[in-house]
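Listed below, chain by chain, are the residues.
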Amino acid sequence: MTEAPAGPIRRLLADERTRFLLTGGINTVVGYGLFALVQWTVGHLIGYVASLLIAHLLASLLAFTLYRRYVFRVSGRWFVDFLRFQTVYLLPLAANVVALPLLVAVAGLNVYLAQAMIVIVSTVVSYFGHKYFSFRRKRAVHGRIPLEDAT
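For the structure given in this document, a descriptive report is provided here.

Criteria and thresholds
Residues numbered from 1 in each chain as written. Predicted model: local features only at pLDDT ≥ 70, side-chain atom pairs only at ≥ 80, totals over all residues. Heavy atoms only, no water. Phe/Tyr/Trp six-rings, centres within 6.5 Å; stacked < 30°, edge-to-face > 60°. Helix = DSSP H or I, 4+ residues; strand = E, 2+ residues; numbered from the N terminus. Buried < 20%, exposed > 50% of the residue type's maximum accessible area, 1.4 Å probe, protein only. Lys NZ or Arg CZ within 6 Å of the ring centre and 35° of its normal. Salt bridge = Lys/Arg side-chain N within 4 Å of Asp/Glu carboxyl O.

## Let's talk about the packing of aromatic side chains
All told, the structure shown has 13 aromatic pairs when counted by the stated rule. With 5.8 Å between their ring centres and 85° between their planes, Trp-78 and Phe-79 make a pair best called edge-to-face. Geometrically, the ring pair formed by Phe-85 and Tyr-89 is tilted, given 4.6 Å between the ring centres and 45° between the ring planes. Pair noted here: Phe-85 and Tyr-89 are both in helix 4 (residues 78-106), with a separation of four residues, about one helical turn. In terms of burial, Phe-85 and Tyr-89 fall into one category: buried. Positioned above the aromatic ring of Phe-133 is the side chain of Arg-84, whose terminal nitrogen or guanidinium carbon lies 4.2 Å from the ring centre. Lys-131 extends its terminal NZ or CZ atom over the ring of Tyr-132, reaching a point 5.6 Å from the ring centre.

## Quick look at the pattern of salt bridges
Under the definition given, this model contains four salt bridges. Where Arg-77 meets Asp-81, a salt bridge forms, and the shortest distance between an N and an O atom there is 3.5 Å. By relative accessible area, Arg-77 is classed as partly exposed at 24%. What you see here is one network of salt bridges that share partners, running through Arg-68, Arg-77 and Asp-81.

Now the structure itself:
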């Protein structure tokens, strides 16, 4: 019995970059939504940088799960993957913590617009970090999966 040819959507979703963009889009919307919610509800008490940090923590948990399972489709060593994932996220987070006050206080941008601009740049940078560091796996040698990558 032969397998039915893949449709255009299935072929598109077979591409890791497409899955990353879709997942990144979902995570961006969720992360931005969390930032806006925290900022709107308690931002006046804790400040927009604290709102950013809270939203980042929550959104990164979702992102880790989606990237690991859906985008890069890896298994095993989840704790190492999580530490590496958070390491990759530290650079964009640090840039965000610096850029957000600059865009708001110095450039005079609205806090929501400033955060939206920063998120776009962070998404592109994080793809390469996650692909080549967070979820990198050794290639199989002669059809064998390295022991540390086996599930």
